[in-house]
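Structural characterization, general
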Amino acid sequence: MNTNCKECGAGLSVPGDAIVGEIVSCKDCSTEYEVAEIGNGSVLLKPAEQVGEDWGE
Amino acid sequence: MVRIGILGASGYIGGELLRLLLQHPEVEVTAASSRRYAGEYVFRVHPNLRGMTELQFSPNDASKVIAGSDLVFAALPHGESVKIVPQIADAGLRVVDLSADFRLSDRGQYPNWYGYDHPRADLLEKFVYSIPEINREKVKGATLVSSPGCMAITAILALAPLLKEKSLGIDRDHIIVDAKVGSSGAGGKPSLATHFSERFNVVRPYKPAGHRHSAEVEQVLEAMAGEKVKVSMSAHAVNMVRGILVTSHVFTAGAVKPIDVWKAYRSMYTGSYFVRLVRDKNGPFRLPDPKLVIGSNFCDVGFEIEERTGRLVALSATDNLVKGAAGNAIQSMNLMLGFDEKTGLAMAPLHPV
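Summarised in this report is the structure supplied together with it. (Residues numbered from 1 in each chain as written. Chains lettered and ligands numbered in written order. Predicted model: local features only at pLDDT ≥ 70, side-chain atom pairs only at ≥ 80, totals over all residues.)

What follows is about the overall build of chain B. Counting its regular elements, chain B contains 12 helices and 14 strands. Structurally, chain B occupies a C-alpha span of about 60 × 45 × 40 Å along its principal axes. Buried positions account for 50% of the 353 residues belonging to chain B. By sequence separation, contacts in chain B at least 24 residues apart represent 71% of the contacts at least 6 residues apart. (Helix = DSSP H or I, 4+ residues; strand = E, 2+ residues; numbered from the N terminus. Buried ≥ 20, exposed ≤ 12 C-beta atoms within 10 Å, placed from the backbone. Contact = placed C-beta atoms within 7 Å.)

Right, let's get into the overall build of chain A. Summing up its helical and strand segments, chain A has 0 helices and 5 strands in all. Ordered by position from N to C terminus, the α and β elements of chain A give β-β-β-β-β. With the principal axes as the frame, chain A shows a C-alpha extent of 50 × 20 × 15 Å. In chain A, which comprises 57 residues, the proportion classed as buried is 21%.

Now for the sheet that holds strand 6 (residues 128-129) of chain B. Residues and elements named next belong to chain B. Sheet architecture is open: 7 strands sit in the order 3-2-1-4-5-7-6, paired in parallel fashion. Each end of this open sheet is capped by a strand with a single partner; those strands are strand 3 (57-58) and strand 6. The pairing of strand 6 with strand 7 (residues 144-146) spans 2 bridges and is parallel. Across the sheet, the residue bridging to Tyr129 is Ser146, located in strand 7. Strands in contact with helix 4 (residues 81-90) are strand 1 (2-7), strand 4 (71-74), strand 5 (94-97) and strand 7; relative to strand 5, the strand with the most contacts, it is inclined by about 160°. Here helix 12 (residues 322-336) sits on the sheet and contacts strand 4, strand 5 and strand 7; the angle it forms with strand 5, its principal contact strand, is near 160°. (Pairing = 2+ DSSP bridges. Axes fitted to C-alpha atoms, helices over the stretch in contact; angles between N-to-C directions.)

Right, let's get into the packing of helix 8 (residues 150-164) of chain B against helix 10 (residues 213-225) of chain B. Residue and element names in this part refer to chain B. At a minimum axis distance of 9 Å, the contact between helix 8 and helix 10 shows a crossing angle of 20°. In terms of orientation, helix 8 lies roughly parallel with respect to helix 10. The handedness of the crossing between helix 8 and helix 10 comes out as right-handed. In contact with Met151, Ala152, Ala155, Ile156, Leu159, Ala160, Leu163 and Lys164 of helix 8, helix 10 contributes His213, Glu216, Val217, Val220, Leu221, Met224 and Ala225. In terms of residue class, the contact of helix 8 with helix 10 is built from 12 nonpolar, 1 polar and 2 charged. (Parallel < 35°, antiparallel > 145°, perpendicular 65-115°, else oblique. Left-handed = near helix turned anticlockwise from the far one by under 90°. Nonpolar A, V, L, I, M, F, W, Y, C, P; charged D, E, K, R; others polar.)

Residue and element names in this part refer to chain B. Ranked by internal contacts, the top residues of the largest apolar core, which has 116 residues, are Ile6, Leu17 and Phe73. Per-element accounting of this core gives the leading share, 12 residues, to helix 8. If you count residues domain by domain, this core takes at least three from each of domain 1 (2-126) and domain 2 (151-318). Apart from the residues lying within four places of it in its own chain, the contact partners of Ile6 are Gly14, Leu17, Leu18, Val29, Ala31, Ala32, Ser33, Phe73 and Ala75. (Core = buried A, V, L, I, M, F, W, Y, C linked by C-beta atoms within 7 Å. Domains from an automatic or database assignment.)

Here we come to the packing of helix 7 (residues 132-140) of chain B against helix 12 of chain B. Residue and element names in this part refer to chain B. Contact geometry of helix 7 with helix 12 gives a least axis separation of 9 Å together with a crossing angle of 35°. Handedness of the helix 7/helix 12 crossing: right-handed. Contacts from Pro132, Arg136, Val139 and Lys140 in helix 7 reach Gln331, Ser332, Leu335 and Met336 in helix 12. Per-class residue counts for the contact of helix 7 with helix 12 are 4 nonpolar, 2 polar and 2 charged.

Quick look at the structure:
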């Protein structure tokens, strides 16, 4: 199943056997998404929580 | 094999040209000149090349280089190149010049930025200022090529797509370029400022205003924008031997989303092997860092957006001696000679370094 990264627009491929709750990430910007729903060849993704940049400096 | 002559081969850029060209499958270096080291083996000045060549430096004699070469790289200081290169150009040889002497197309800019009147202004319009990712087709047909300054090309590769993409609404009067550069950017000639005790651990501002590379950055960005731009540039010497990080600040008229900026970069660089877009959500290297391009011809480009102030921060990193100098020059040569532009340049960066 193919969709696009909402952050950078790159093509995002979700494995055909993906399950709800699985995390997929964008190859270009590594934004992570959680598979929220699957049905009839389509997939709904929602942004997954990621650790922000904080080097403590 | 195409015969290559290198004028000014004893400096750091000359050494880098030799390192890369000695491994290039389509060319043979037939002459490497140096006024200071004429007669000396190349590997005694560039000890990393021991066992790779038996070449000896020849004097900076244009007529001998012309006789033995099909294409000449000139890695001479600014103001020196213009004394020798015209003779080679007039002889009909292909030239890739790495000095600033043929970078600016407007003769009137030379007294302002380089302090001399250009003696061969007729050649300025014949030289193609080469950044293959921006003007690849022009470089393919060129006989005479000028390769950009290291900080200039690093800044241009981050900024050109932003100025070209009109929908981003970049303020053309306030483009701020802040460069951090390693010690090899100052060349191989020692001075008190480059003495280890003085240079080590510095974060030394130099030319915080009026940097010469502003002129060539403006020249390219004006071509992208189709109108005048103003570039304000500052440079800093930092504690690296190789590498440049340029942080450029531009301001947008309205809100800009990351996906719009990605689109601008992809529209210019998709298919360009040597520009990598780096804006990662994970790991310690989320944005360009010179540490990850050292030894390679890559320029890594990334960005961040500050919505509150309308600021778009564009970051770019190169190895100043490769994509910032010798690598870009060889990439240009590849195009001039009809080779794949990656030939002899596809090496991965070193890591860790």
